[in-house]
Amino acid sequence: YTGWPLNGAHKNATCNKCHNKGSSFIGLSSACTSCHKDQHQGRFGTTCLNCHDEVAWKDLNLKSFNHDLAKFALRGAHQS
């Protein structure tokens, strides 16, 4: 029991994929970074599902992407 539904790839994951070597996830929140490393180191906030989905992490929705928060801000001719 997680306290929230397991959707996307989480639904199909085997139990021992997460619960191995005595790992315990009791008391964690449903925020992605409770279990997964934040590859962006906080630059884009904590709402991962704004760009990513739970089915295939690398499938991105970049409509709301703010390039000013990225390591390479678009300036000058790069803006167009």
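Residues numbered from 1 in each chain as written. Predicted model: local features only at pLDDT ≥ 70, side-chain atom pairs only at ≥ 80, totals over all residues. Heavy atoms only, no water.

Chemist: I'd like to hear about the overall build of the protein chain, residue by residue, with values.
Modeler: Along its length, the protein chain carries 2 helices and 0 strands. Expected size for 80 residues packed as a compact globule is a radius of gyration near 12 Å; at 16 Å, the protein chain overshoots this value by more than 25%. For the protein chain, the C-alpha atoms occupy an extent of roughly 50 × 20 × 20 Å along the three principal directions. Within the protein chain, the proportion of its 80 residues that are buried is 6%. Counting contacts in the protein chain only where the partners sit at least 6 residues apart, residues at least 24 apart contribute 38% of the total. Carbon together with sulfur atoms contributes 55% to the accessible area of the protein chain, which is approximately 6,900 Å² in total. Across the protein chain, the 9 positively charged side chains and the 5 negatively charged ones have centroids separated by 7 Å. (Helix = DSSP H or I, 4+ residues; strand = E, 2+ residues; numbered from the N terminus. Rg over C-alpha atoms; globule rule 2.2 N^0.38 Å. Buried < 20%, exposed > 50% of the residue type's maximum accessible area, 1.4 Å probe, protein only. Contact = heavy atoms within 4.5 Å. Areas by Shrake-Rupley, 256 points an atom, 1.4 Å probe, with all protein chains shown as cover. Lys, Arg positive; Asp, Glu negative; His and termini not counted. Charge placed at Lys NZ, Arg CZ, Asp CG, Glu CD.)

Chemist: Give a detailed account of unusual backbone geometry, specifying residues and quantitative values.
Modeler: For Gln41, which is not a glycine, the phi torsion comes out positive at approximately 55 degrees. Following the sequence through the fold, Gln41 ends up in the segment after helix H2 (15-18). On the basis of relative accessible area, Gln41 is assigned to the exposed category, the value being 66%.

Chemist: So, a nonpolar patch on the surface: which residues are in play, and what are the values?
Modeler: On the surface, a cluster of nonpolar side chains totalling about 260 Å² of accessible area is made up of Leu60, Leu62 and Phe65. Mapping Phe65 onto the fold places it in the segment after H2. Owing to a relative accessible area of 31%, Phe65 belongs among the partly exposed residues under this scheme. (Patch = residues over 30% accessible without salt bridge, like charges linked within 9 Å, V, L, I, M, F, W, Y side chains within 5 Å. Salt bridge = Lys/Arg side-chain N within 4 Å of Asp/Glu carboxyl O.)

Chemist: Can you tell me about the side chain of His52, naming the residues and giving the values?
Modeler: Structurally, His52 is set in the segment after H2. At a separation of 2.7 Å, a polar atom in the side chain of His52 contacts the main-chain carbonyl oxygen of Trp57. Once residues within four sequence positions are removed from consideration, His52 is found in contact with His40, Trp57, Asp59 and Leu60. (Polar contact = N/O pair within 3.5 Å; in protein donor to acceptor, adjacent residues only side chain to side chain.)

Chemist: Go over the environment of Ala70, please, and point to the residues and values.
Modeler: Turning to its location among the elements, Ala70 is positioned in the segment after H2. Among residues more than four places away in sequence, those in contact with Ala70 are Arg43, Phe44 and Phe65.

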